[in-house]
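# Examining the three-dimensional arrangement
Chain by chain, the residues run as shown.
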Amino acid sequence: MTDQPNAPAGAQTVWDLPLRLFHWIAVSAVAVSLVTGYLLGDHWLFLHVAAGGVLGGLLAFRLAWGVIGSRYSRFATFPLRPSGVRRQIGHLMRGRSDLHTGHNPVGAWMIVALLAGLGLLVATGLVVWGGQEHQGPLSAVIGYKLGHGVKEVHEVLAALLLTAVGIHVAGVVVETVVFRHPVVKAMVHGRKPVPGSGETARTVGLTHTVVGLGLMALAVGAWLYWFYLPRPAVAPVRTSQAYTRDCGDCHWAFHPSLRTAGTWRTMMAGLADHYGEDASLAPDRRDQVTAYLVAHAAETADTEASHEIGRRETASGRITDTRYWQRRHRQLSDQDFARPDVGSKMACNACHRDADTGRFDDDMIQPPKGVPA
Amino acid sequence: MKTPFLTGLVLAALAFQPAARAASLLDGYADAARAADAGFAGFSAGRGRALFAATPGTGKPDTPSCTTCHTADPRAAGRTRAGKAIAPMALSVSPDRYADPAKVEKWFRRNCNSVLGRACTAREKGDFIRFMATQ
C-alpha cells in the first residue's frame, strides 16, 4: 500500500496512505452510523455513538492533514475556483471528463461538503448525546430540552449527508464506468495515471506515511479518550431502600422521577384504594415515603424519562397511560409482559438494567431472551 | 384445645427462632381474641383454611379471595396483580414468614380490607397463621 518505486509509467502516487486509510475508515464509520441511525433501534445507540466518536477523531486528523499532508491531501491544492467548476460542468454536459491528478473541482467541493457535514453531524451528535441521554463530554452542560431540539438538526444534517454521499458515489460511478478513470483503484493503491506528461514529480514520501499514520492514531486515540472519559453520571437519586421496602413488595418501586410531585401526593393520599387494592401504610411511613417521592419527583430531574414520561400527568396516574411509554413499547405484546421473568407492564427493571437510577439509557435495555427490544 | 399440635409447635419453636416468634405472635392474637370473646377456645387450622379459600364477595372486585394472589396451594409461590412473585404462605416453606409482627399486621390490614372489605378479627388472624403453620 505504500509508495511503489516501480509504478507503471505515467502513473503517480497522488493519495498518501494516511489519506486512503482515512477515506475507507470514514466510509465504514459513516455506513455504521447510517445503519444504526436509520434502521436499528435505540438500543444500538452505543454503536452509533462509537462510529461518531471514530469520525470525530478522523476529522480532526483530516483537518490537520489538509494543512501538513502530502500535496493532494492539502486543502490549498483543492481546485475550488468557480471558473474551474464551471469549466468542468461545461465539459460534463458535453460528455467529457478530464482526468485530474488530485481532486477535480466538483469532487473537491464534494469533499468540502462531506467534511463539513460530518463535522456538523459529530458536533450536533455530541449535543444530543449529552442533553437527551446525559452521556459523553457534554452530559453535564447540555440540558434535555436543548439536546432534544438539536436532535432535529442532527436528523436534517443526516439526510443531507446521505444525499451528498449518494451524489459522491454516483460521481465516482460515472467517472469509473463512463469515463474509465480508475478513481476507486486510486483510492485503494494511491496511484493515478498522470494527465499529460509534464508532471512527474513525486509528491508522496515515506515521511508522509509515517507522520500521517502517527498523527491519525494520535488524533483518533485522543479524541476517543476525551469522548469516553468517565464522567459523573447526571442522574437523579437511586431508588431508596426505605421506599422499596414499602412499595416494592407488590410491584417494582417506580423511580420517583417517573411521576410529578402532584401525582405522588395524590397517590400516597389514596393508598387505601390503590388500583383496586388496599396498599395502606402506617401514617409515619406513608409520610416518610411521600416526602421522599416529592423531593425527587420528575420536576427535579433532567432525564429523558423524567421529561417524556415523568412530567406527563395522566388521569389514572399510570405511567403506562403516557403516549411516550406506549410508543416506546408498541413492539411488545401482552404475552411479553405476562412472562414469569417479566411479570407485568410495571416491571420496568425486567428489561431496563438501570431502572433503579431513573436514567433508562437506551443502551441499558436488555430484554429476556425472546422478548423484542 | 389440640394439645399434641401445641406441643409440636413448642418443639418447633425451640428448633427455630422465626417459628418461635410466630408462636409469640399467636399468643398475642390469642390474648386479643379472648378479650373480644370470653368463649374463645383456641385457634383452628380448619377455620383458617376456610378463611384462606373463601370468596366472601364483600371486598374489592379485583381481589375476591386470598387465593387470587396466593394460589390455592399455600406451599406454592403466589403472584401479585402487578406480576411480582410472592413467597409461599406455608410456614414449612417460608420459615420466617410470620416473624415480624409489624409486617404481619401491615399485610392483614391491607389484605383483609382488600378481600373481606373489613379488618380481620384477632381470631381470624390466629386461625390463618395456625393453618399456615400446619402446611
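Residues numbered from 1 in each chain as written. Chains lettered and ligands numbered in written order. Predicted model: local features only at pLDDT ≥ 70, side-chain atom pairs only at ≥ 80, totals over all residues. Heavy atoms only, no water.

### Some words on the interface of chain B and chain A
- With 15 residues of chain B at the interface, the matching set in chain A holds 23 residues.
- Taken over both partners, the interface formed by chain B and chain A buries close to 1,500 Å², and the fraction arising from carbon and sulfur atoms is 39%.
- Of all residues in chain B, the largest losses of buried area upon contact with chain A belong to K60(B), A82(B) and R110(B), amounting jointly to 33% of the total for that side.
- The tally of links from chain B across to chain A stands at 3 salt bridges.
- Ionic pairing is found between E277(A) and R81(B), a salt bridge with its closest N-O pair at 2.8 Å.
- For the pair chain B and chain A, the number of links is 13 residue pairs in polar contact (both at pLDDT 80 or more).
- Sorting elements by how many residues they give to the side of chain B that touches chain A places helix 5 (residues 101-116) of chain B first, with 6 residues. (Contact = heavy atoms within 4.5 Å. Buried area = accessible area lost by both parts, 1.4 Å probe. Salt bridge = Lys/Arg side-chain N within 4 Å of Asp/Glu carboxyl O. Polar contact = N/O pair within 3.5 Å; in protein donor to acceptor, adjacent residues only side chain to side chain. Helix = DSSP H or I, 4+ residues; strand = E, 2+ residues; numbered from the N terminus.)

### Examining the packing of helix 1 (residues 17-39) of chain A against helix 7 (residues 206-228) of chain A
Residue and element names in this part refer to chain A.
- Helix 7 packs onto helix 1 with a crossing angle of 35° between their chain directions and a minimal axis gap of 8 Å. Counted together, L17, P18, L21, F22 and I25 of helix 1 and H208, T209, G212, L213 and M216 of helix 7 form the full contact between these two elements.
- Of the residues that constitute the contact of helix 1 with helix 7, the class distribution is 7 nonpolar, 3 polar and no charged. (Axes fitted to C-alpha atoms, helices over the stretch in contact; angles between N-to-C directions. Nonpolar A, V, L, I, M, F, W, Y, C, P; charged D, E, K, R; others polar.)

### Here's the deal with the nonpolar core
All names here are of chain A.
- In this structure, W15, L55 and L58 are the most contacted members of the largest nonpolar core, which totals 33 residues.
- Contributing elements (two or more residues each) for this core: helix 1, helix 2 (45-68), helix 4 (105-132), helix 5 (144-178), helix 6 (183-189) and helix 7.
- Tallying contributions element by element places helix 4 first for this core, with 8 residues.
- Setting aside residues up to four positions removed in sequence, W15 forms contacts with R20, Y72, G102, H103, A186, M187, G190 and K192.
- Membership of the second largest hydrophobic core comes to 30 residues, among which are Y243, A253, A261 and C348. (Core = buried A, V, L, I, M, F, W, Y, C linked by side-chain atoms within 4.5 Å. Buried < 20%, exposed > 50% of the residue type's maximum accessible area, 1.4 Å probe, protein only.)

### Side note on the packing of aromatic side chains
- A full pass over the atoms with the stated rule returns 18 aromatic pairs over all chains.
- Pairwise contacts between aromatic rings join W129(A), W223(A), W226(A), F227(A) and Y228(A) into one cluster.
- Over the ring of F22(A) we find R62(A), and its NZ or CZ is 6.0 Å from the ring centre.
- Sitting over the face of the ring of W107(B), R110(B) holds its NZ or CZ atom 4.7 Å from the ring centroid. (Phe/Tyr/Trp six-rings, centres within 6.5 Å; stacked < 30°, edge-to-face > 60°. Lys NZ or Arg CZ within 6 Å of the ring centre and 35° of its normal.)

### Some words on the state of the cysteines
- Applying the stated criterion across every chain, the model contains 1 disulfide over all chains.
- Across the disulfide from C112(B) sits C120(B); the S-S distance is 1.9 Å. Looking down the S-S bond of the C112(B) and C120(B) bridge, the torsion is -100°, so its handedness is left-handed. Each member of the pair, C112(B) as well as C120(B), carries the same accessibility label: buried.
- The thiol of C247(A) is not disulfide-bonded; the next cysteine sulfur, from C250(A), is found 9.0 Å away.
- Here C250(A) is not cross-linked by a disulfide; its sulfur's nearest cysteine counterpart is in C69(B), at 7.9 Å. (Disulfide = S-S within 2.5 Å.)

### Section: the pattern of salt bridges
Residues and elements named next belong to chain A.
- In total, this model carries 16 salt bridges over all chains according to the counting rule given.
- A salt bridge links K345 to D334, with the shortest nitrogen-to-oxygen separation between them at 3.9 Å. Of this pair, K345 sits in the segment after helix 13 (334-338) while D334 sits in helix 13, placing them 11 residues apart in sequence.
- For K345, a relative accessible area of 37% translates into the label partly exposed.

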